[in-house]
Amino acid sequence: MMLRTGSHSSITELAGHAGVPVINGLTDYSHPCQVMADVMTFEELRGPIEGRTIAWIGDANNVATSWAHAAVRFGFCLRIACPKQLAPDPVLLTWVKREGGRVEVTHTPGEAADGADVLVTDVWVSMGDEDGDKRRKLLAPYQVNEKLMGAAAKDAIFMHCLPAHRGDEVSAGVIDGPQSVVFDEAENRLHAQKAILAWCFGLS
Ligand code: NVA
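The present account deals with the structure reproduced in this document. Just so it is clear, the model here is predicted, and its values are computed rather than measured.

Take the overall build of the protein chain next. Secondary structure assignment for the protein chain yields 9 helices and 7 strands. Compactness check: the protein chain gives a C-alpha radius of gyration of 16 Å against a globular reference of 17 Å for 204 residues, within 12% of the reference. Considering only C-alpha atoms, the protein chain reaches an extent of 50 × 40 × 35 Å along its principal axes. Considering only contacts in the protein chain between residues 6 or more positions apart, those separated by 24 or more positions represent 67%. Accessible surface, the protein chain: about 10,200 Å² in total, of which carbon and sulfur atoms supply 55%. Taking the average location of the 18 positive side-chain charges in the protein chain and that of its 26 negative ones, the two points are 3 Å from each other.

Inspection of the sheet shows strand β1 (residues 2-4) paired to strand β2 (residues 23-26) by 3 bridges, in the parallel sense. What sits directly across from Arg4, in β2, is Leu26. Regarding topology, helix α1 (residues 8-17) serves as the crossover connection from β1 to the parallel β2, and that connection is right-handed.

Quick look at the sheet that holds strand β6 (residues 118-121) now. Working definition: the strands of a sheet are paired by backbone hydrogen bonds and lie parallel or antiparallel to each other. Strand order in this open sheet of 5 strands is β5-β4-β3-β6-β7, and the pairing throughout is parallel. Of all the strands in the sheet, just β5 (102-106) and β7 (157-160) have a single pairing partner and so form its edges. Strand after strand, the sheet turns through a mean of 20° between neighbouring axes, direction not considered. As defined by bridge partners, strand β3 (residues 53-57) adjoins β6 across 3 bridges and the pair is classed as parallel. Bridging across to β6, Ala55 finds its partner in Leu119.

Taken as a whole and judged by the stated rule, the model has 1 aromatic pair. Ring geometry for Trp67 and Phe76: centres 5.8 Å apart, planes at 75°, overall edge-to-face. Of the two residues examined, Trp67 and Phe76, each falls in the buried class.

Before going further, it helps to examine helix α3 (residues 62-74). An ideal rise of 1.5 Å per residue puts 18 Å on 13 residues; α3 measures up with 18 Å between its terminal C-alpha atoms. The element α3 is extensively covered by neighbouring structure, given that 10 of its 13 residues are classed as buried. Buried within α3 are the following residues: Asn62, Val63, Ala64, Thr65, Ser66, Trp67, Ala68, Ala70, Ala71 and Val72. Sitting at the amino-terminal end of α3 is Asn61, which places a side-chain oxygen 3.0 Å from the backbone nitrogen of Val63. Where α3 terminates, the next one or two residues include Gly75, which has phi positive at roughly 70°.

Let's shift gears to the packing of helix α2 (residues 32-46) against helix α9 (residues 182-200). Packing of α2 against α9 brings their axes to within 8 Å, and their N-to-C directions diverge by 110°. As far as their axial angle goes, α9 and α2 are roughly perpendicular. For the crossing formed where α2 meets α9, the hand is right-handed. Mapping the contact onto sequence places Cys33, Gln34, Met36, Ala37, Asp38, Met40, Thr41, Glu44 and Leu45 in α2 and Asp184, Glu185, Asn188, Arg189, His191, Ala192, Gln193 and Ile196 in α9. Taken together, the residues of the contact of α2 with α9 sort by class into 7 nonpolar, 5 polar and 5 charged.

Here we come to the nonpolar core. Residues Ile54, Trp56, Trp67, Phe76, Leu78 and Met159 are the most contacted members of the largest nonpolar core, which totals 28 residues. Every element with two or more residues in this core is listed here: α2, β3, α3, β4 (77-81), α4 (90-98), β6 and β7. Among the elements that line this core, the one with the most residues is α3, at 7 residues. Ignoring any residue separated from it by four or fewer positions in sequence, one finds Phe76 in contact with Ile49, Gly51, Arg52, Ile54, Trp67, Ala70, Ala71 and Arg102.

In this model, Leu162 is joined to Pro163 through a cis peptide bond whose omega is 0°. Along the polypeptide, Pro163 turns up in the loop between β7 and α8 (172-175). At Leu26, a residue that is not glycine, the phi angle is positive and equals roughly 140°. Along the chain, Leu26 falls in strand β2. Even without glycine at this site, Leu162 takes up a positive phi of about 65°. Mapped onto the elements of the fold, Leu162 is located in the loop between β7 and α8. Given the relative accessible area of 26%, Leu162 is considered partly exposed.

Analysis parameters
- Residues numbered from 1 in each chain as written.
- Predicted model: local features only at pLDDT ≥ 70, side-chain atom pairs only at ≥ 80, totals over all residues.
- Heavy atoms only, no water.
- Helix = DSSP H or I, 4+ residues; strand = E, 2+ residues; numbered from the N terminus.
- Rg over C-alpha atoms; globule rule 2.2 N^0.38 Å.
- Contact = heavy atoms within 4.5 Å.
- Areas by Shrake-Rupley, 256 points an atom, 1.4 Å probe, with all protein chains shown as cover.
- Lys, Arg positive; Asp, Glu negative; His and termini not counted.
- Charge placed at Lys NZ, Arg CZ, Asp CG, Glu CD.
- Pairing = 2+ DSSP bridges.
- Right-handed = clockwise from strand over helix to strand, strands pointing away.
- Axes fitted to C-alpha atoms, helices over the stretch in contact; angles between N-to-C directions.
- Phe/Tyr/Trp six-rings, centres within 6.5 Å; stacked < 30°, edge-to-face > 60°.
- Buried < 20%, exposed > 50% of the residue type's maximum accessible area, 1.4 Å probe, protein only.
- Expected span 1.5 Å × (residues − 1).
- Polar contact = N/O pair within 3.5 Å; in protein donor to acceptor, adjacent residues only side chain to side chain.
- Parallel < 35°, antiparallel > 145°, perpendicular 65-115°, else oblique.
- Left-handed = near helix turned anticlockwise from the far one by under 90°.
- Nonpolar A, V, L, I, M, F, W, Y, C, P; charged D, E, K, R; others polar.
- Core = buried A, V, L, I, M, F, W, Y, C linked by side-chain atoms within 4.5 Å.

This is a description of form; function is not addressed.
Spelled out as structure tokens, the structure:
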């Protein structure tokens, strides 16, 4: 079963009763299928992700949580640039540390972007978020635009799980520009999820 839902507890509750694997298709806590597709996209375009630097710019939301999980499992460095009020859960950061992973938190987008191999962001208001106006204000300095992209590595790519809001979290020039790989990511959702199903069936 694959469940795309609001509250993460719905999925853990279902999994507790299910006799078959339950796949997290998106919850308010994490979005692992998306990040599996993103890691696949990076490796397809740039080779092994191990040892590389990924900069998450904006709200440390459900997708960012899965990036932190992936940083531990795949051995890359994740830098998160976020407002203090929208920082990652300390429980997550403690887990990362315990697992020997590298997740660094800053409140300065330029610091996170400096020399990074990927800049990645997401919408300012995720599903279930009710404080839209407050979030927009807090996140305004965190737009991924041409200037921020210029601070990243020369061959850096831009990622976004979509749908995106041009002019909010990302400028049109970046998401529609040559460094953007957002449609490769979207395509790879299919292939990554086929692989997850194959794994559940014991085929890989
Ligand atoms: N953070 C977004 C991801 C959408 C794919 C949300 O939860 O709405």
